[in-house]
Amino acid sequence: MTDRQNITIRISDLAPMPLSIMRADEEIYRQAEYNVNQLCGVWGKRYKDKSSKEILAMVAFQFAKLYFSGKANLEAVDALLD
């Protein structure tokens, strides 16, 4: 049995994207897909004057901001523990 599997994710109104991932990571990919689509839906309703590309850019920025703030927090904790 291979450790990789093929899945397809759908983000917003974009074409489905096939991916080859590690089996152990599937839940992470599914959670990411779900959360991106949830935020796209909420912000799409809130910002009706924005295009789907603008909404997707805002969502990407939000998740990048969360990633980098989490990374900075982790580095601060590591520095404190050292």
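Use the structure listed above.
Residues numbered from 1 in each chain as written. Predicted model: local features only at pLDDT ≥ 70, side-chain atom pairs only at ≥ 80, totals over all residues. Heavy atoms only, no water.

Here's the deal with the nonpolar core
Residues I7, I9, I11, I21, V36, L39, C40, W43, I55 and V59 constitute the largest nonpolar core, which totals ten residues. When residues of this core are traced back to their parent elements, those giving at least two are β1 (4-9), α1 (26-46) and α2 (52-81). With four residues, α1 is the largest single contributor of residues to this core. Filtering out sequence-adjacent residues up to four positions away, W43 remains in contact with I55, M58, V59 and Q62. (Core = buried A, V, L, I, M, F, W, Y, C linked by side-chain atoms within 4.5 Å. Buried < 20%, exposed > 50% of the residue type's maximum accessible area, 1.4 Å probe, protein only. Helix = DSSP H or I, 4+ residues; strand = E, 2+ residues; numbered from the N terminus. Contact = heavy atoms within 4.5 Å.)

Some words on the packing of aromatic side chains
Across all of its chains, the model carries two aromatic pairs by this definition. Geometrically, the ring pair formed by Y67 and F68 is edge-to-face, given 4.9 Å between the ring centres and 85 degrees between the ring planes. Each member of the pair, Y67 as well as F68, carries the same accessibility label: exposed. (Phe/Tyr/Trp six-rings, centres within 6.5 Å; stacked < 30°, edge-to-face > 60°.)

Examining α1
Given a rise of 1.5 Å per residue, 21 residues ought to cover 30 Å, and the 30 Å separating the end C-alpha atoms of α1 matches this to within 8%. Taken together, the buried positions of α1 are occupied by E33, V36, L39, C40 and W43. Within α1, the buried residues cover an arc of 140 degrees as seen down the axis, which keeps them to one side. Facing away from the buried side of α1, by more than 90 degrees, are the exposed residues E27, Y34, K45 and R46. (Expected span 1.5 Å × (residues − 1). Arc of directions from axis to C-beta.)

Considerations on the packing of α1 against α2
Running from amino to carboxyl end, α1 crosses α2 at an angle of 130 degrees, the nearest separation of the two axes being 9 Å. Our classification of the angle between α1 and α2 gives oblique. Of the two elements, α1 crosses α2, and the hand of that crossing is right-handed. Listed contacts from α2 to N35, V36, L39, C40, W43 and G44 of α1 are I55, L56, M58, V59, Q62 and F63. (Axes fitted to C-alpha atoms, helices over the stretch in contact; angles between N-to-C directions. Parallel < 35°, antiparallel > 145°, perpendicular 65-115°, else oblique. Left-handed = near helix turned anticlockwise from the far one by under 90°.)

Looking at the pattern of salt bridges
Evaluated as defined, the whole model comprises two salt bridges. As a salt-bridge pair, E26 and R30 come within 3.4 Å of each other at their nearest N and O atoms. Of this pair, E26 and R30 are both found in helix α1, four residues apart, which corresponds to roughly one turn of the helix. Among the salt bridges present, the one from R30 reaches E33, with a minimum N-O distance of 3.5 Å. With R30 and E33 both in helix α1, this residue pair falls three residues apart, about one helical turn. For R30, a relative accessible area of 29% translates into the label partly exposed. Residues joined by salt bridges that share partners form a network here, namely E26, R30 and E33. (Salt bridge = Lys/Arg side-chain N within 4 Å of Asp/Glu carboxyl O.)

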